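Examination of the molecular architecture
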Amino acid sequence: MDSSRRWSRIRRAAAVAGCVVALGLVPSGALATPGSGVTATVLAKGTSAEGLKVRTQGRTDVMVRTVTIAPGGETGWHYHQGPLIAVVQSGTLTRTLADCSVVRSSAGQSFIEPDGARKVHNGQNLGTVPVVLYVTYLLPEGDALSVDAPDPGCHHY
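My aim in this report is to walk through the structure given alongside it, one point at a time. What you see as residue numbers is a count from 1 along each chain, following the sequence as written. Local features are withheld for residues below a pLDDT of 70 in this predicted model, meaning they are given only at 70 or higher, and side-chain atom pairs are given and counted only at 80 or more; totals for whole chains, interfaces and linings count all residues. Hydrogens and waters are ignored; side-chain quantities use all the structure's heavy atoms.

1. Looking at the overall build of the protein chain
By definition, any uninterrupted DSSP run of H or I lasting at least four residues is a helix, any uninterrupted run of E lasting at least two residues is a strand, and each is numbered from the N terminus. The helix and strand inventory of the protein chain stands at one helix and nine strands. When the elements of the protein chain are put in sequence order from the N terminus, they spell out α-β-β-β-β-β-β-β-β-β. Per-residue burial for the protein chain yields a buried fraction of 23% across its 157 residues. The contact rule is simple, with two residues in contact once any of their heavy atoms fall within 4.5 Å. Long-range contacts, defined here as pairs at least 24 residues apart, represent 81% of the contacts in the protein chain between residues at least 6 apart. Here the protein chain displays about 10,600 Å² of accessible surface, and carbon together with sulfur accounts for 56% of that area. Using a 1.4 Å probe on the protein chains alone, a residue whose accessible area is under 20% of its type maximum counts as buried, one over 50% counts as exposed, and one in between counts as partly exposed. Surface accessibility in these figures is a Shrake-Rupley result with a 1.4 Å probe; residues are shielded only by whichever protein chains are displayed.

2. So, the nonpolar core
Within the largest apolar cluster, twelve residues are counted, these being Val67, Ile69, Leu84, Ala86, Val88, Leu93, Phe111, Val131, Leu133, Val135, Tyr137 and Leu139. Look past the residues within four positions of alanine 86 in its chain and what remains in contact with it is Gln109, Ser110, Phe111, Tyr134 and Val135. Within the second largest apolar cluster, five residues are counted, among which are Trp77, Tyr79, Ala149 and Cys154. Side-chain atoms within 4.5 Å are what join buried Ala, Val, Leu, Ile, Met, Phe, Trp, Tyr and Cys residues into a set we call a nonpolar core.

3. What to know about the environment of valine 102
Mapped onto the elements of the fold, valine 102 is located in strand β5 (residues 102-106). Residue classification places valine 102 among the partly exposed residues on the basis of a relative accessible area of 32%. A sequence separation of 21 residues divides valine 102 from glycine 123, and the C-alpha atoms of the two residues are 9.7 Å apart.

4. Regarding the environment of lysine 53
Position of lysine 53 relative to the elements: it lies in the loop between α1 (3-25) and β1 (60-69). Overall, the relative accessible area of 79% leaves lysine 53 in the exposed class. In the structure, lysine 53 is positioned 30 residues away from proline 83 in sequence and 9.9 Å away in space, judged by C-alpha atoms.

5. What about the pairing of strand β7 (residues 121-124)?
Burial along β7 is two-sided: the face carrying His121 and Gly123 and the face carrying Asn122 and Gln124 are both buried. Only when DSSP finds a minimum of two bridges between them are two strands counted as paired. Relative to β7, strand β4 (residues 92-97) runs antiparallel, the two sharing four bridges. Bridged to arginine 95 within β7 is glycine 123.

6. Quick notes on the layout of surface pockets
Cavity: a set of points on a 1 Å grid over the protein atoms alone where a 1.4 Å probe fits but cannot get out. Pocket: an open set with protein on both sides within 12 Å along at least five of seven lines, its lining residues, like those of a cavity, having an atom within 4 Å of a point. Grid points are joined across faces, edges and corners, and a volume is the space filled by probe spheres set on the points. Here the largest pocket defines a volume of roughly 300 Å³. Along the walls of the largest pocket sit 14 residues, with Ser48, Ala49, Glu50, Ser110 and Phe111 positioned nearest its centre. Of all the secondary structure elements, the ones that give two or more residues to the lining of the largest pocket are β5 and β6 (110-113). Each residue is assigned to one of three groups, with Ala, Val, Leu, Ile, Met, Phe, Trp, Tyr, Cys and Pro labelled nonpolar, Asp, Glu, Lys and Arg labelled charged, and all others, Gly among them, labelled polar. Its residues placed into classes, the lining of the largest pocket shows five nonpolar, six polar and three charged. What lines the second largest pocket is a set of 18 residues, and nearest its centre among them are Val67, Thr75, His78, His80 and Tyr137.

7. Observations regarding unusual backbone geometry
Here cysteine 100, not a glycine, exhibits a phi torsion of approximately 75°, which is positive. For cysteine 100, the location among the structural elements is in the loop between β4 and β5. Under the relative-accessibility criterion, cysteine 100 is labelled partly exposed at 24%.

8. Points about the side chain of arginine 95
As for its placement among the helices and strands, arginine 95 is situated in strand β4. Buried and unpaired, arginine 95 has no salt bridge, with glutamate 113 as the nearest side chain of opposite charge at 4.1 Å. Those residues in contact with arginine 95, other than ones at most four positions away along the chain, are Ser101, Val102, Val103, Ser105, Phe111, Ile112, Glu113, Asn122 and Gly123. Neither His nor the chain ends contribute to the count of charged residues, in which Lys and Arg are positive and Asp and Glu negative. Salt bridges, as used here, are contacts in which a Lys or Arg side-chain nitrogen is within 4 Å of a carboxyl oxygen on Asp or Glu.

What follows is the structure, given as structure tokens:
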């Protein structure tokens, strides 16, 4: 290839690179379209101390529910066939996990409940006000919200 063609290609590549950089500097609002007739309500907001990573396979049912546990109430031992993302709106949820460890999540916190029969857990409200959770279920299509399970030997509520 002769030098004039090579320089022509180099100039063209530089021009393209310059355009890409220039587009990156344009404020994104200039590219946005105005919205209308849209409203939204934040139902709950929580912060996960460890970050969140969720993965599903195949067709997945996504459902959002409000779950309320009265003072002294509990979910019973169970597991889920898909992961859940939960936000604690009010109260403090005490979860006993399959290894008998205890995790407390208070209003403003969020967590993931992993899936599978080896991830049994029991949620309790040991407080004096209702625990209100906003839970997003990511379940294999058609599966139950939860599956009952026996106590794995954790007798220390």
